[in-house]
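# Chain and residue survey
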Amino acid sequence: KAGVTQTPRYLIKTRGQQVTLSCSPISGHRSVSWYQQTPGQGLQFLFEYFSETQRNKGNFPGRFSGRQFSNSRSEMNVSTLELGDSALYLCASSLGGLAFFGQGTRLTVV
Amino acid sequence: AQKVTQAQTEISVVEKEDVTLDCVYETRDTTYYLFWYKQPPSGELVFLIRRNSFDEQNEISGRYSWNFQKSTSSFNFTITASQVVDSAVYFCAHSRVNRDDKIIFGKGTRLHILP
C-alpha cells in the first residue's frame, strides 16, 4: 500500500512569488492535514480537509490556502512568499484519527 | 486549549543505555489521543504509537515502551538498549477524538545515541 506522497520534495522560490505544494494521501483516507515545521516554531498546524471541505484552520495569514479534490488529493498554496515561509511542509493522511505523514516539501525562499 | 510539553530539548546517551523521553500534556477533552512520532534526518514523521485516553495500559514494542499516566498527564517513552539508529527527533503529540484530525505537537526531543 503506497504511503503519503508529497511533491515536489525541494523547492526554491524568490520573495513575492507564489508556490503550490501537492499531497496524495493513502488510498481510502479522506482527511488530509498540512503542517509547517520551522526550527523556531516547531510543527504548526496549517489546515485540515475532509471530503473536500476545510474542517479546521490554524493561525496562519490568508496567504496560506489549500484545497482538496474529489480523489482526496490536496494542494496548499502560499502567495506573496516571505523569507519566513522557508520551512518543511508536511502533509498527513488520516483515517480514524490515525495520521501518517509524507516526507515533506522543503521550501526555501530567497 | 491543548498543549504538549517536552521539557528535554536534547539528550545524548551512549549506545546500549536506556533512555526515557518525557511528555506532559494539557487538555480539557475527556477523550483524546496521544502519539509519539520519530523524525529521522530525512524529515518524514514516522508513526510509533497512538494511545486512547481511556486506555492507560502501558505498551511494549520490542525495545520501545510507553508509560501513560492520566493522573500526572504524562506519556513517557523509553528506549531500552539504545542503538545508533535510534538517533532522531522524537515528537509527542495530542489530538481530539471524533472532532477533526488536527494534531498538536510538542517541540520535540533530539536524541543522540553515541557509538
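Residues numbered from 1 in each chain as written. Chains lettered and ligands numbered in written order. Predicted model: local features only at pLDDT ≥ 70, side-chain atom pairs only at ≥ 80, totals over all residues. Heavy atoms only, no water.

### Quick look at the sheet that holds strand 3 (residues 19–24) of chain A
Residue and element names in this part refer to chain A. Let me state the cut-off plainly: Paired strands, in this sense, are two strands between which DSSP finds at least two bridges. Segments assigned H or I by DSSP are reported as helices when at least four residues long, segments assigned E as strands when at least two residues long, and all are numbered from the N terminus. Lines fitted to C-alpha atoms define the axes, with helix axes restricted to the stretch in contact, and inter-axis angles between N-to-C directions lie between 0 and 180 degrees.
If you trace the four strands from one edge of the open sheet to the other, you get 1-3-8-7, paired in antiparallel fashion. Two strands lie at the open edges of the sheet, namely strand 1 (5–7) and strand 7 (64–68), each paired on one side alone. With strand direction ignored, the average angle separating the axes of adjacent strands in the sheet is 15°. Of the strand pairs in this sheet, strand 1 and strand 3 are connected by three bridges, and their pairing is antiparallel.

### Structural notes on the state of the cysteines
Formally: Disulfides are defined as pairs of cysteine sulfur atoms found within 2.5 Å of each other. Working definition: with a 1.4 Å probe on protein chains only, accessible area under 20% of the residue-type maximum means buried, over 50% means exposed, and in between means partly exposed.
According to the stated counting rule, one finds two disulfides over all chains in the structure shown. Between C23 of chain A and C91 of chain A runs a disulfide, and the two sulfur atoms are separated by 1.7 Å. In this structure, the disulfide formed by C23 of chain A and C91 of chain A twists by about -60° around the S-S bond and is classed as left-handed. Pair noted here: C23 of chain A is in strand 3 and C91 of chain A is in strand 9 (residues 87–95), with a separation of 68 residues, a long-range link. Grouping residues by exposure puts C23 of chain A and C91 of chain A together as buried. Covalently, C23 of chain B is tied to C92 of chain B through a disulfide, its sulfur atoms 1.9 Å apart. Between C23 of chain B and C92 of chain B, the S-S torsion sits near -65°, and that sign places the bridge as left-handed. Within this pair, whereas C23 of chain B is found in the loop between strand 3 (19–21) and strand 4 (24–26), its partner C92 of chain B is found in strand 10 (residues 88–96), the two being separated by 69 residues in sequence. According to the relative accessible area criterion, C23 of chain B is buried, its value standing at 0%. The class for C92 of chain B is buried, based on a relative accessible area of 0%.

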